[in-house]
Amino acid sequence: MSAKILEKQQLSENVFKLVLDAPKIAKKRKAGQFVVLRIHEEGERIPLTIADADPAKGTLTIIFQVVGKSTAHLSGLEAGDSLLDLVGPMGQPTHVEKIGTVVCVGGGVGVAPVYPITQAMKNAGNHVISIIGARCKDLIIMEEEMKAVSDEIIVTTDDGSYGYHGFVSQALEEKYLMTGDKKIDMVVAIGPVPMMRALCDVTKKYNVPTVVSLNSIMVDATGMCGACRVTVGGKTRFVCVDGPEFDGHQVDFKELIDRQRIYLDQEKQCYDHYCTCRQQGKGA
Amino acid sequence: MEMKERLKILRQPMPEQDPQVRKRNFDEVPLGYTPEVAKAEALRCIQCKKPECVEGCPVEVDIPGFIALIAEGKFIDAARKIKQTNALPAVCGRVCPQEVQCEVRCVRGKKAEPVAIGRLERFVADYERAAGEVSIPKIENMTGKKIAVVGSGPSGLTVAGDLVQMGHDVTIFEALHAAGGVLVYGIPEFRLPKAIVAAEVDYLKKLGVKIETSNVIGKVATVDELFAEGYDAVFLGTGAGLPSFMNIPGENLNGVYSANEYLTRSNLMKAYRFPEYDTPIVRGKNVAVIGGGNVAMDSARTAMRLGADHVYLVYRRSRQEMPARIEEIHHAEEEGIELHLLTNPIRYIGNDKGWVTGIECLQMELGEPDDSGRRRPVPIKGSEFIKDVDTVVVAIGAGSNPLVQSTTPGLDTNKWNYIVADEETGQTSREGVFAGGDIVTGAATVILAMGAGRKAARAIHKYVMSK
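Quick notes on the rules
- Residues numbered from 1 in each chain as written.
- Chains lettered and ligands numbered in written order.
- Predicted model: local features only at pLDDT ≥ 70, side-chain atom pairs only at ≥ 80, totals over all residues.
- Heavy atoms only, no water.
- Helix = DSSP H or I, 4+ residues; strand = E, 2+ residues; numbered from the N terminus.
- Rg over C-alpha atoms; globule rule 2.2 N^0.38 Å.
- Buried < 20%, exposed > 50% of the residue type's maximum accessible area, 1.4 Å probe, protein only.
- Areas by Shrake-Rupley, 256 points an atom, 1.4 Å probe, with all protein chains shown as cover.
- Lys, Arg positive; Asp, Glu negative; His and termini not counted.
- Charge placed at Lys NZ, Arg CZ, Asp CG, Glu CD.
- Pairing = 2+ DSSP bridges.
- Axes fitted to C-alpha atoms, helices over the stretch in contact; angles between N-to-C directions.
- Parallel < 35°, antiparallel > 145°, perpendicular 65-115°, else oblique.
- Contact = heavy atoms within 4.5 Å.
- Nonpolar A, V, L, I, M, F, W, Y, C, P; charged D, E, K, R; others polar.
- Buried area = accessible area lost by both parts, 1.4 Å probe.
- Salt bridge = Lys/Arg side-chain N within 4 Å of Asp/Glu carboxyl O.
- Polar contact = N/O pair within 3.5 Å; in protein donor to acceptor, adjacent residues only side chain to side chain.
- Domains from an automatic or database assignment.
- Left-handed = near helix turned anticlockwise from the far one by under 90°.
- Expected span 1.5 Å × (residues − 1).
- Core = buried A, V, L, I, M, F, W, Y, C linked by side-chain atoms within 4.5 Å.

Chemist: Describe the overall build of chain B, and please don't skip the residues or the numbers.
Modeler: Along its length, chain B carries 19 helices and 16 strands. Taking 2.2 N^0.38 as the reference for a compact globule, 467 residues should give roughly 23 Å; the C-alpha atoms of chain B span a radius of gyration of 23 Å, in line with that estimate. Taken along its principal axes, the extent of the C-alpha atoms in chain B is 65 × 65 × 50 Å. By residue count, 59% of the 467 residues in chain B fall in the buried class. Counting only carbon and sulfur atoms, one obtains 52% of the accessible surface of chain B, whose full area is about 18800 Å². Charge-centre separation for chain B: the mean point of 57 positive side chains lies 3 Å from the mean point of 61 negative side chains.

Chemist: Would you mind going over the overall build of chain A in detail, with residue names and values included?
Modeler: If you tally the helices and strands in chain A, you get nine helices and 16 strands. Compactness check: chain A gives a C-alpha radius of gyration of 18 Å against a globular reference of 19 Å for 284 residues, within 12% of the reference. Projecting the C-alpha coordinates of chain A onto the three principal axes gives extents of approximately 60 × 40 × 40 Å. Counting every position in chain A, which comprises 284 residues, the buried fraction comes to 57%. On chain A, roughly 11800 Å² of surface is accessible, and the fraction owed to carbon and sulfur atoms is 47%.

Chemist: Can you lay out the sheet that holds strand 6 (residues 256-258) of chain B for me, pointing to particular residues and giving the numbers?
Modeler: All names here are of chain B. Across the sheet, which stays open at both edges, the five strands sit in the order 6-14-7-8-9 with parallel pairing between neighbours. Of all strands in the sheet, those with a lone pairing partner are strand 6 and strand 9 (338-340), marking the two edges. Looking at each pair of strands side by side, their axes are set apart by 20° on average, direction ignored. Strand direction decides the pairing type here: strand 7 (residues 286-290) and strand 8 (residues 310-314), joined by five bridges, are parallel. Note that in strand 8 the partner of Ile290 across the bridge is Val314.

Chemist: Go over the packing of helix 5 (residues 63-71) of chain B against helix 6 (residues 75-83) of chain B with me, naming the residues and quoting the values.
Modeler: Residues and elements named next belong to chain B. At their nearest, the axes of helix 5 and helix 6 sit 8 Å apart, and the two run at 170° to each other. Taken together, the axes of helix 5 and helix 6 lie roughly antiparallel to each other. Of the residues in helix 6, those touching helix 5 at Gly65, Phe66, Leu69 and Ile70 are Phe75, Asp77, Ala78, Lys81 and Ile82. Tallied by class, residues from the contact of helix 5 with helix 6 come to six nonpolar, one polar and two charged.

Chemist: Any details on the interface of chain B and chain A? Residues and values, ideally.
Modeler: Much of the literature gives interface size as the accessible area that the parts lose upon coming together. Listed by partner, the interface residues are 44 residues for chain B and 45 residues for chain A. Summing both sides of the interface, chain B and chain A together bury roughly 3600 Å²; the carbon and sulfur share of this comes to 54%. Of all residues in chain B, B:Lys219, B:Asn252 and B:Asp278 give up the largest surface area on contact with chain A, accounting jointly for 20% of the area buried on that side. Counting the contacts that link chain B with chain A gives two salt bridges. Among the salt bridges present, the one from B:Glu225 reaches A:Lys28, with a minimum N-O distance of 2.7 Å. The interface formed by chain B and chain A includes 22 residue pairs in polar contact (both at pLDDT 80 or more). Counting residues per element, the ones that place at least two in the side of chain B that touches chain A are strand 5 (242-243), strand 6 and helix 15 (259-268) of chain B. The biggest single contributor to the side of chain B that touches chain A is helix 15 of chain B, with four residues.

Chemist: Just give me the short version of the domain arrangement of chain A, but keep the residues and values in it.
Modeler: Residues and elements named next belong to chain A. When the domains of chain A are assigned, the result is domain 1 (3-90) and domain 2 (94-206). Taking only C-alpha atoms into account, the centre of domain 1 sits 24 Å from that of domain 2. Carbon and sulfur atoms make up 66% of the surface buried where domain 1 meets domain 2, a total of about 990 Å² over both sides. In terms of surface lost to domain 2, no three residues of domain 1 exceed Ala31, Ala51 and Ile63, which account for 38% of the buried area on that side. Our count for the domain 1 to domain 2 interface comes out at zero salt bridges. Viewed at the interface, domain 2 and domain 1 are joined by one residue pair in polar contact (both at pLDDT 80 or more). If you list the elements that add at least two residues to the side of domain 1 that touches domain 2, you get strand 1 (3-12), strand 4 (46-54) and strand 5 (59-65). Among the elements that line the side of domain 1 that touches domain 2, the one with the most residues is strand 4, at four residues. Considered class by class, the residues forming the side of domain 1 that touches domain 2 number seven nonpolar, four polar and three charged.

Chemist: So what about the packing of helix 5 of chain B against helix 10 (residues 117-131) of chain B? Which residues, and what values?
Modeler: All names here are of chain B. Running from N to C, helix 5 and helix 10 cross one another at 60°; their axes reach a closest spacing of 11 Å. The angle between helix 5 and helix 10 falls in the class oblique. Classified by chirality, the crossing of helix 10 by helix 5 is left-handed. Contacts from Ile63, Phe66, Ile67 and Ile70 of helix 5 reach helix 10 at Ile117, Leu120, Glu121 and Val124. The residue makeup of the contact of helix 5 with helix 10, split by class, is seven nonpolar, no polar and one charged.

Chemist: Account for the pattern of salt bridges, naming residues and giving values.
Modeler: Residues and elements named next belong to chain B. For the structure shown, the criterion picks out 48 salt bridges over all chains. Arg122 is the partner of Asp126 in a salt bridge, and the nearest nitrogen-oxygen pair spans 3.6 Å. Of the two residues, Asp126 and Arg122 both sit in helix 10, four residues apart, roughly one turn of that helix. As far as the burial class goes, Asp126 and Arg122 line up, both buried. Where Arg325 meets Glu327, a salt bridge forms, and the shortest distance between an N and an O atom there is 3.6 Å.

Chemist: How would you explain the side chain of A:Glu173 if you had to name every residue and give the values?
Modeler: Residue and element names in this part refer to chain A. You can see Glu173 is positioned in helix 5 (residues 168-177). Residue classification places Glu173 among the buried residues on the basis of a relative accessible area of 15%. At 3.0 Å, the side chain of Glu173 forms a polar contact with the side chain of Lys205. Ignoring sequence-local partners within four residues, the contact set of Glu173 consists of Met178, Val202, Lys205 and Tyr206.

Chemist: Run through helix 16 (residues 294-305) of chain B, naming residues and quoting values.
Modeler: Residue and element names in this part refer to chain B. In this model helix 16 runs 16 Å from its N-terminal to its C-terminal C-alpha over twelve residues, within 8% of the 16 Å that 1.5 Å per residue would give. Counting buried positions along helix 16 yields ten of twelve residues, so the element is predominantly enclosed. Those residues of helix 16 that fall on the buried side of the exposure criterion are Ala296, Met297, Asp298, Ser299, Ala300, Arg301, Thr302, Ala303, Met304 and Arg305. Elements in contact with the buried residues of helix 16: helix 2 (19-22), helix 15, strand 7, strand 8, helix 17 (326-334) and strand 14 (391-394).

Chemist: Tell me about the sheet that holds strand 5 of chain A, and name the residues and values.
Modeler: Two strands in a sheet stick together by hydrogen bonds in their backbones, pointing the same way (parallel) or opposite ways (antiparallel). All names here are of chain A. Strands sit in the order 6-1-2-5-4-3-7 across an open sheet of seven strands; the sheet is antiparallel. Taken across any chain shown, the strands that pair with only one partner, and hence form the sheet edges, are strand 6 (82-83) and strand 7 (85-90). Both strand 2 (residues 15-21) and strand 5 contribute to a ladder of seven bridges, which runs antiparallel. Note that in strand 5 the partner of Asp21 across the bridge is Thr59.

Chemist: Requested: an account of the nonpolar core, with residues and values cited.
Modeler: B:Ile63, B:Phe66, B:Ile67, B:Ile70, B:Leu120 and B:Ile460 are the most contacted members of the largest nonpolar core, which totals 77 residues. Sort the elements by how many residues they give to this core and helix 19 (residues 446-466) of chain B lands first, with nine residues. In contact with B:Ile67, other than residues within four places in its own chain, are B:Ala42, B:Cys45, B:Gln47, B:Val115, B:Ile117 and B:Leu120. In this structure, A:Val87, A:Val103, A:Tyr164 and B:Cys361 belong to the second largest nonpolar core, which totals 57 residues.

Shown next as structure tokens:
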């Protein structure tokens, strides 16, 4: 089905938010699930986590970072334009229950997918601590939204331009795990793979269960192709149907990083070609 | 023409693209009969009173009937004759294994070669389409019954085509963005041009079938929710879409694909036209394809067309046991695919960047017959060897996708998670829910799925009309 863009907003230099008209998906979607969209006939199938939904209004919010041709093209669409295809909700929803104190960690654009989980954890009656981070102050997104669904919040920047100076993993360790003031029952982390790996290394040390949400390369996202396969606890799993969330202490991050680099050359070729065309005013 | 004369006509060969040319393009391999050649071939049919060929056809096409019309030069009428029982003649004429269905039963085959039924079917379907004279039968007596068809592959398209012509209101729900199922994601352009699938799907739309693409049943709506929305019956034709791997070391290395992924990238996403199309694919120079079926052949021939220097087809049994059609094996060999028979991979070797660089195999020999009746391949001790490859495609079969089964309470499945359905009616353990095609039988052929669809359509009609 196609989907109309109702609203567009730029959240930081390369991060955009789109509100889509998608009543069927908005009604069904749960925290942690994603959609797959296609912009045009020659386009890729792009998986994106659902950042928010309003079942009453029939809207779905997606937040994405421009990393290549497809996301650049997506960022060029405006309210009133339509996506060619939108399918979802895909993947398993987050397992949400009251377990005590939950830390929700979002790195970079990863704050967007961690937001609905944070909200769900809060609604389930947990004490929610949020840690959101980015390279610098300008790249921090959704601070207000996260504050609204958290009991405590720490903002970190790698360069110290805002909040805690350092990585989210360092903040978690220094402020909570090392002090031992508060028993942390669970950590949910979404962000760049190196961030999730560093964070899992820390939580492993303190034996804190940690869930990560993986953004593997996908094609159909219905379990048909296996492009997204990942090794978890020595077993091959499909991120699209078995995930996207897994026990972070069991994920083979080295393999995941390698697999995300499969098409690096082609992606660059495609993006360069797109940028050149755009500069020459030929459109996409 | 006298029968004596007709018996003298030899089976008309199919003109094909030259192997050396076609191995580097994605255009269709067989070029099709001309009207003259088709007429000559049609005259070879002796119009048996009890045509055994029809019995061999899962959808019971009136084979002598349409061939007689070709012999008279009435090509459009011949196409319509086929369409009375087969909504997808251009597809079936290309991908049906006629040599084990209709043509194997042809009496002409006893003394000479059988009539080329498949090629004739393809000819009239293509002729009708090219002439732009595709007729849309008028449907009378709408029943007011709503039927949901899950999956738009061969079984789903057949069910939908049959039921819409019986006057029902039919909607197909397709998970992907294009209709056709395996016909669009699995079978390559050079064997089944996608424009032909699109034309056959378009024909169904003109008949009144509604197609909702990008709708994953089990996710956006469950089978029970379809009933709640007012559907009177549901047909499940979700196919065998779960890729199998061998679970050997190195299978997750970069450059190792499932056949499903490799073919979906190339066919559905048109990665062979990258960067015109955005979806990339690895264009390997030394490619190993694991398996001996039609999907393995399709993968190997795709790899060759993507520019490989060497494509090795690695199969653990011998040529006799290969499940692929003889024609496909023949085409593959003509195009330079190198068969490594009685060879089984045991691990993949990678570099420090996680890319596959080699495949370690064992030589096999055939032992006693196994459950499938084929002689079991047994490893030869100490026969390990390594071959350098940069791409691997694993084409060893597919399993059932659990999305519908896991969200439909009361739907019985077998130990492989295929849906249990009556062979004659497609009836499942749930009232009003029918199933057919690969999701019931496991991975099989297009025409068998269509045959199951035909039977299910009859049963669904009976069911909704008696409600």
